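# Descriptive structure summary
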Amino acid sequence: MKQHLQSLMAKAIFSIIALLFHYHLSAQNVFPATGNVGIGTAAPSSSALLEVKSTNSGILIPRMTQAQRDLIPTSTAVNGLLIYQTNNLPGFYYYNNGWVAIGANTSLSNLSATTLINASLSPGVTNTLTLGTTLKRWSNIHTYGVTFADGSVQSSAASPAWKSSGPNVYFTTGNAGIGTNVPAESAILDIKSTTKGLLIPRMTQAQRDAILVSAAINGLLIYQTNNAPGFYYYSNGWIPLGVNSALSNLSPNTLINSGLTPGITNNLTLGTAAKRWKNLYTHAITFPDGTVQSTAASASSQWKSGTGTIYFNTGKVGMGTNAPLTTLHVVGDQTMGGNFRFTSDTQSIQFANPVLRPAPMMYFFESGIQNPDRMVFAHSPTFPNWGLQYVDVNDRFEFLGAGISRLSINLGTGNIGIGTSEPVSKFHIVGSQTLAGNLTFTEGTQSIQFANPGATPNPMMFMFASGTVNTERMVIAHSPAYPTWGLRYTDASDKFDFIGAGTSRMTISLGSGNVGIGVTSPAYKLEVCGTIRAKEVRVETGWCDYVFEKDYKLRTLEELESYINANKHLPGIAPAAEVEKEGLKVAEMNKAMMEKIEELTLYVIQLSKENKKLQEEINALKK
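About the criteria used
- Residues numbered from 1 in each chain as written.
- Predicted model: local features only at pLDDT ≥ 70, side-chain atom pairs only at ≥ 80, totals over all residues.
- Heavy atoms only, no water.
- Helix = DSSP H or I, 4+ residues; strand = E, 2+ residues; numbered from the N terminus.
- Buried < 20%, exposed > 50% of the residue type's maximum accessible area, 1.4 Å probe, protein only.
- Contact = heavy atoms within 4.5 Å.
- Areas by Shrake-Rupley, 256 points an atom, 1.4 Å probe, with all protein chains shown as cover.
- Pairing = 2+ DSSP bridges.
- Axes fitted to C-alpha atoms, helices over the stretch in contact; angles between N-to-C directions.
- pLDDT = per-residue confidence, 0-100.
- Salt bridge = Lys/Arg side-chain N within 4 Å of Asp/Glu carboxyl O.
- Patch = residues over 30% accessible without salt bridge, like charges linked within 9 Å, V, L, I, M, F, W, Y side chains within 5 Å.
- Core = buried A, V, L, I, M, F, W, Y, C linked by side-chain atoms within 4.5 Å.
- Phe/Tyr/Trp six-rings, centres within 6.5 Å; stacked < 30°, edge-to-face > 60°.

Turning our attention to the overall build of the protein. Each helix and strand in the protein was counted, giving 6 helices and 35 strands. Looking at the protein as a whole, 26% of its 623 residues are labelled buried. When contacts within the protein are restricted to residue pairs at least 6 apart in sequence, those whose partners lie at least 24 apart make up 37%. As presented, the protein carries roughly 42,900 Å² of accessible surface, and 56% of it is formed by carbon and sulfur atoms.

As structure tokens, then:
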């Protein structure tokens, strides 16, 4: 396979060289100033910059040792540069941000001489067999011949030697040389260099795919610069160099990946789940611990019928019985050192109907011993502390989650605990509770009791879940028969309503602090729609003694008369229309009325003085 790829590369490589030096080799060669170049053909394919045809000669590219190759500066090396390395894993190498071996595999071993590998796969670039890694690759591949997709066979028998010498390009009797004036007789092109490689046409995948299929010739070679860069040749489709789709006729002692470090990451993949080997023939399998399992028929244990304690009878196995009724029929006690697994969700363990009761279906422990905590049922080996546990020391069942008791049933006391493994009452809950139904007491003396809060405020109850907007909700109702008698909370306006027959009797607004009696939206601290009866009402407000101050300006009676005629009410007293609309403001009205009383007193005193003065004047006239 490798020689075939080398030949394909050699044929395409000479195209660049012939264009550079304008050699006219023979009547079967064509070197136009522009267009396609042919060596060994006067009609090169239109899809190839250079087409080389020969039935008795190959092509040589620069050959050098690994040390000489590594002297090529990385600053000047171009991706796609090609050389032939003569030592240390000899073969073709191309530069792609580092030297990459073409078709390099690591090793194969111990396969049958006629083993077929991926023989059923359809040819194509997607069928890839990778042996080894870039760090651990094959040193040599020994094969007698390679069979290609078109049925042709290439032998690995000794071929004419590769030779080169001289610094220039030469052509002698049908053979061309670059870097040698004595090109090898068997090579149509012989290239020799210890400092430089060879570049063939480079293009992107899109440019490659633009080559017409109708004009493409099998063997056409290019270097792709993007999307998995590397050498590609045309063979009824573009195929990357170094990709194999099938292997056969390997040596019986071939080593496969023998140099790899053992580990689960070292995998050899042959085929796919959809296209896999039909049969794998081997005599023995060696496992990582060094044990060997033979696949020979004589090496395997066979089920046999007989007179012992294990029987095989018409597809059924009996232990302790020679007439098994099921696939496995055991008579007697069993001891298991591993897990008992079911593979279907419809399978179960079934017990016989006990004659005596109580007749346990299962026992947890052996008799007469004190046992530690033990899981009765666990989720899985991965989650061993999720399930049902039995605690022998105090006879209780516990449902565990992550090893924490979620529900505990004490068989001795009968107490049940949720969130606690030590319930102190018949039903003991630690944590929040959500009820989807009623909490009903059967006796009139029963109640809900709350602990004394250690901090204030510390609510005894919450009405709603946090972060929600809720509709009106009865906090306390008389009974299911009278659901509209009691205390209701309205979340939209944050108010409590004491309701009777669905009608609000008293409203307390938590936002404004207003209280309404017979009013559902009180606008004042206390708003009453109805009659109020009280023995005494005290109103705290300012008073009117300022009327008796010396600087108080008292209207004259003439001014007072003029104001009353114009406004139809006393100064400082609300008019009738305002009282009817806004109601009577008791505190302000009492203050205003007292102001008028005090002013009236001043008027009386003033009139009294005037009367006394007039009386004195009258008395003086009488004398």
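Spatially, S30-S31-S32-S33-S34-S35 is the arrangement adopted by the 6 strands of the open sheet, whose pairing is mixed. The sheet is open, and its two borders are formed by strand S30 (473-479) and strand S35 (526-528), each paired with just one other strand. Averaged over all pairs of adjacent strands, the angle between strand axes in this sheet comes to 15°, irrespective of strand direction.

Turning our attention to the confidence of the model for the protein. Note: predicted coordinates in regions of low pLDDT should not be interpreted at a detailed level. Confidence in the prediction of the protein, expressed as mean pLDDT, is 76, and 73% of residues score 70 or more. Every residue in residues 298-307 is under pLDDT 50, and counting partners more than four places away or in other chains gives 10 contacts.

Below, the discussion takes up the pattern of salt bridges. In the structure shown here, the tally under the stated rule is 9 salt bridges. A salt bridge links Glu599 to Lys596; the nearest nitrogen and oxygen atoms lie 3.4 Å apart. Here Glu599 and its partner Lys596 are both found in helix H6 (residues 586-622), 3 residues apart, which amounts to about one turn of the helix. The same class applies to Glu599 as to Lys596, namely buried. Beyond isolated ion pairs, a larger network of salt bridges with shared partners links Arg396, Glu398 and Glu422.

Below, the discussion takes up a nonpolar patch on the surface. Together, Met336, Phe340, Phe342, Ile349, Phe351, Met361, Met362 and Phe377 give the surface a local cluster of nonpolar side chains, amounting to about 890 Å² of exposed area. You can call Phe377 partly exposed: its relative accessible area is 48%.

Our focus in this paragraph is the nonpolar core. Side chains that are nonpolar tend, in soluble globular proteins, to be buried together. Among the nonpolar cores identified, the biggest contains 23 residues, and Leu82, Ile102, Leu189 and Phe231 are the most heavily contacted of them. Elements represented by at least two residues in this core include exactly strand S1 (37-39), strand S2 (50-52), strand S6 (91-95), strand S12 (175-178), strand S13 (187-191), strand S15 (221-224) and strand S16 (230-234). Of all the elements, S13 adds the most residues to this core, at 3 residues.

Turning our eyes to something else, we now look at unusual backbone geometry. Glycine aside, residues mostly have negative phi, and peptide bonds are mostly found in the trans state. Unlike most non-glycine residues, Leu89 shows phi in positive territory, near 60°. Relative to the elements of secondary structure, Leu89 occurs in the loop between strand S5 (82-85) and S6. Under the relative-accessibility criterion, Leu89 is labelled partly exposed at 22%. Its identity as a non-glycine residue notwithstanding, Ala402 has a phi of 55°, on the positive side. When its relative accessible area of 38% is taken as the criterion, Ala402 is described as partly exposed.

Moving on to the environment of Lys591. Looking at the secondary structure, you find Lys591 in helix H6. When the C-alpha positions of Lys591 and Cys544 are compared, they lie 6.5 Å apart, and in sequence the two are 47 residues distant. Those residues in contact with Lys591, other than ones at most four positions away along the chain, are Gly542, Trp543, Cys544 and Tyr546.

Turning to the packing of aromatic side chains, a few remarks are in order. The final tally for this structure, using the stated rule, is 9 aromatic pairs. Summarising the aromatic geometry, the rings of Tyr223 and Phe231 are spaced 5.2 Å apart at their centres and angled 70° between planes, so their arrangement reads as edge-to-face. Accessibility assignment for this pair places Tyr223 and Phe231 in one class, buried. Ring geometry for Phe464 against Tyr489: centres 6.1 Å apart, planes inclined by 45°, an arrangement best described as tilted. In this pair, Phe464 is assigned in the loop between strand S29 (427-429) and S30 and Tyr489 in strand S31 (residues 482-490), connecting sequence segments 25 residues apart. The class for Phe464 is partly exposed, based on a relative accessible area of 22%.

Time to look at the pairing of S6. Of all 5 residues that make up S6, 5 are buried, and the element is covered over most of its length. Direction of pairing for S5 relative to S6: antiparallel, over a ladder of 4 bridges. Counted as the bridge partner of Ile83 is Tyr93 from S6. Where S5 folds back onto S6 in an antiparallel hairpin, the turn is made up of 5 residues, including Asn88, whose phi is positive at roughly 50°. Between the end of S6 and the start of strand S7 (residues 99-101), which pair antiparallel, lie 3 residues, with Asn97 showing a positive phi angle near 60°.

Let us look at the sheet that holds strand S24 (residues 374-380). If you walk across this open sheet you meet the 6 strands as S24-S25-S26-S27-S28-S29, and the pairing is mixed. In this open sheet, the two edge strands, each paired with only one partner strand, are S24 and S29. Sheet twist, expressed as the average angle between the axes of neighbouring strands with direction ignored, equals 15°. Of the pairings in the sheet, the one linking strand S25 (residues 383-391) to strand S26 (residues 396-401) comprises 5 bridges and is antiparallel in character. Paired with Val391 across the two strands is Arg396, which belongs to S26.

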